[in-house]
Structures are given as C-alpha cells and as structure tokens.
Amino acid sequence: MLPFARVTVIGLGLIGSSVTRAVRARMPTVRLTGYDADPSVRDTARAIELCDDVTDTAGASVIDADLVVLCVPVGAMGAVAAELAADLPADAIVTDVGSCKASVVEALQAALPGTTIVPAHPVAGTEQSGPEAGFATLFNHRWCILTPPEGTDPVAIERVASFWRNLGAEIETMAPEHHDRVLAVTSHLPHLIAYTIVGTASDLEEVTRSEVIKYSAGGFRDFTRIAASDPTMWRDVFLSNREAVLDMLQRFSEDLSALQRAIRWGKGDELFELFERTRAVRRSIVEEGQDDAAPDFGRSHE
Ligand SMILES: NC(=O)c1ccc[n+]([C@@H]2O[C@H](COP(=O)([O-])OP(=O)(O)OC[C@H]3O[C@@H](n4cnc5c(N)ncnc54)[C@H](O)[C@@H]3O)[C@@H](O)[C@H]2O)c1
Ligand SMILES: O=C(O)C(=O)C[C@]1(C(=O)O)C=C[C@@H](O)C=C1
C-alpha cells in the first residue's frame, strides 16, 4: 500500500521536479499537484507535465493533499508554509527537503502550529537548478535524513520514510542540530571552499585568468562544478546554518594554517602523514560504495 495518495510539491526546481519525476516513475497512481512562486517555472512545469495539476497559488495546491513536500530554498520555507497554512487539511503531513534542518524545523513549527511536520533532507543533488534539471533517479541509493521534532507521531515518521524509500532512498534519522553539524563539514564547507577558490582564480589579472580557464583540468575543474551551484540556495544555507558552518570553518582555518607552516618549514613528513590519512578516507568511501565518480547512483538521466 502506498504511504500517500495525493502529494503536493511546492518549489518545482531541481529537487522538486526530481521528486515529481520519481513519484511518477515509482508510484504512478499518486495524484501530483505542484506550485512554484515563479510563473515561468509554473509554465515550464505545465509544458513538460511534471504534475497532474499546477496551481497558481500555494493555498490551492494543498487543498486536498495528504502529503506536502516543500522544495524551496531554506530561507523561504517559513514564508511558504505561512502562505498555505489556512488551506492545509488538518490531517495532512508536511515535509521538506532543505539542506539544513534546525532553522527549517523552527520556521515550519512557527508557521504551522498543530500540523504534523516530518522534516527530511535527501543528500543528493547537482549544481543545476530549475524544473528541467531534475531526474527520476536522483534519490536512488542516496541517504535521506529525517529530523522529526521530539514527540512527532511515529506513524507519520514511518509514512514519510516509506515515501522516500519508494523514491529509492535509504533512511537515517537524527536530531536537526546534529544533522546541521555533520552536513556543515560534509557539504556546506566544501561548497564554501569551492566558491572561494574559484573566486580567487577569477580575481586574478586578465592573462592568468584566461590561462586558468584554458588549463583547467582535474582538481580545479571539479571545484568549478561545485562553485556553479545555485546562488540563492547556498546563500540561504550559509545564513541558516551559520553557527555550525562558522565552527567548521574555524577548525578548517586552523588546519590550513598548520599546513602552511609545514610547507614553509619544509616539514615533508607532516604533509605526507596528512595525505596518507586523507587517501585512506577516500578509499573507505569508495569501499562503502559512496563514490559518485565510479558507480552511477542515478546521475545518468536514464
Ligand atoms: N540542489 C541540491 O543539490 C539540493 C540537494 C538537496 C536538498 N536541496 C534543497 O532543496 C531545496 C530546493 O533546492 P533546488 O536545488 O531544487 O533549487 P531550485 O532553485 O532548482 O528550485 C527552487 C524553486 O523554489 C521556487 N521558490 C522559491 N521561493 C518560493 C516560494 N516562496 N514559494 C514557492 N516557490 C518558491 C523557485 O522559484 C524555484 O523554482 C533547497 O531547500 C535546498 O537546500 C538542494
Ligand atoms: O553533488 C552536488 O552537486 C551537491 O552539491 C549535492 C549536495 C552535496 O553537498 O552533497 C548539495 C547539497 C545538498 O543539500 C545535498 C547534496
């Protein structure tokens, strides 16, 4: 039996359109309704038939929903929840896909008092955005982390878990604050570093900059992919997960200074020891089958 029969997706960009495509592919009898604040996104969503119905207001999209999936930037979660609150059926469950959780849980609880909220974060994405960037296999074999507030109905948590399992994901549950610390180092800091290094290269004088583009291969090229990620989404992530990101950034800066000293004083053994440790981390990720570069994990848009 399917966990939900009528699903509404709000925010029809990369993640929202991947959710609708995955629902279509794996739960074809579910009735899908969509809404996006941007009229041109709504037009595209209608043209490429992302949902059974695309409404012109947030309220109209949730009127008969039994699950509402909020797929907007984390800074917009509270506002969109407030916009649909009056039209939300009393027994509907609200979930989201935000990249940070503590601020989102707080915003959703404030906007939707009394509503069952089961926040989620599918740890899967690309540097693309918009309704045409999504694909049905995005969540295959990827973690989806649930961060339900204390006291959330376990049946509701299991229904949302089952929804994500049906989309191909594997479920982990943790406290929102813990999620935010883990993701600060595994996702948010790497994006900050990529934005910085590509920014540094683009600030170089004209001749060097064109050489950077010409000879960009391997390492720098990988950074440019990450640094092409959506500016609105990432602005919101850094402002919303401020404390955890600043803490990880502090640790990173200290470690970077130590490396700087090792290079300055020719401490080859220190450099070698670190690189040996980091190589082991990479190898254990590959062994666990979490390496993007090797197996597909849904990146080929089947
Ligand atoms: N991109 C990723 O790799 C990734 C991965 C996991 C989770 N997420 C999270 O998913 C969410 C969506 O990110 P995305 O990559 O799909 O971004 P996106 O830019 O592709 O899509 C976001 C959509 O939300 C719409 N929107 C913005 N404010 C709105 C509002 N108030 N009401 C209705 N619609 C609104 C935009 O018009 C846009 O179409 C974010 O919270 C992000 O943190 C992203
Ligand atoms: O692979 C990428 O392009 C991503 O940035 C995906 C990524 C990540 O950092 O792993 C980005 C943000 C998310 O919240 C989840 C996944």
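Residues numbered from 1 in each chain as written. Chains lettered and ligands numbered in written order. Predicted model: local features only at pLDDT ≥ 70, side-chain atom pairs only at ≥ 80, totals over all residues. Heavy atoms only, no water.

In the nomenclature of an unreviewed UniProt entry, the protein chain is known as Prephenate/arogenate dehydrogenase family protein of Sphingomonas qomolangmaensis.

**Quick notes on the domain arrangement of the protein chain**
If you check the domain split of the protein chain, you get domain 1 (6-175) and domain 2 (178-289). Look at where the C-alpha atoms of domain 1 and domain 2 centre, and you get two points 30 Å apart. At the junction of the two partners, domain 1 supplies 17 residues and domain 2 supplies 15 residues. When the two sides are added together, the surface that domain 1 and domain 2 hide from each other amounts to roughly 1300 Å², 63% of it contributed by carbon and sulfur. On the domain 1 side of the interface with domain 2, the three residues burying the most area are Ser99, Cys100 and Glu127, jointly 39% of the side's total. Linking domain 1 with domain 2 are one salt bridge. Ionic pairing is found between Arg225 and Glu127, a salt bridge with its closest N-O pair at 2.7 Å. Here domain 1 and domain 2 share nine residue pairs in polar contact (both at pLDDT 80 or more) between them. (Domains from an automatic or database assignment. Contact = heavy atoms within 4.5 Å. Buried area = accessible area lost by both parts, 1.4 Å probe. Salt bridge = Lys/Arg side-chain N within 4 Å of Asp/Glu carboxyl O. Polar contact = N/O pair within 3.5 Å; in protein donor to acceptor, adjacent residues only side chain to side chain.)

**Some words on unusual backbone geometry**
The backbone of Glu49 shows a phi angle near 55°, a positive value even though the residue is not glycine. Looking at the element boundaries, Glu49 is found in the loop between helix H2 (39-47) and strand E3 (53-54). Residue His141 is not a glycine yet carries a positive backbone phi of 60°. (Helix = DSSP H or I, 4+ residues; strand = E, 2+ residues; numbered from the N terminus.)

**Some thoughts on the side chain of Thr8**
Its place among the elements puts Thr8 in strand E1 (residues 6-10). A polar contact of 2.6 Å, which involves the side chain of Thr8, links it to the backbone oxygen of Ser61. With residues near it in sequence (within four places) discarded, Thr8 still touches Thr33, Ser61, Val62, Ala65, Leu67, Val68 and Val69.

**A short note on the site of ligand 2**
Taken together, 12 residues lie near ligand 2, and Ser99, His121, Ser187, His191 and Arg225 sit nearest. Within the contact set of ligand 2, an oxygen atom lies 3.3 Å away from a backbone nitrogen or oxygen of Gly125. Ser187 is positioned such that a nitrogen or oxygen atom in its side chain is 2.6 Å from an oxygen atom of ligand 2. Look at ligand 2: alone it shows 370 Å² of surface, and the protein chains cover 86% of it. Listing elements by their share of the shell around ligand 2, those giving two or more residues are helix H7 (176-202) and helix H10 (231-240). Split by residue class, the shell around ligand 2 holds three nonpolar, six polar and three charged. Shared between two domains, the shell around ligand 2 holds at least three residues of each, these being domain 1 (6-175) and domain 2 (178-289). (Near = heavy atom within 4 Å. Areas by Shrake-Rupley, 256 points an atom, 1.4 Å probe, with all protein chains shown as cover. Nonpolar A, V, L, I, M, F, W, Y, C, P; charged D, E, K, R; others polar.)

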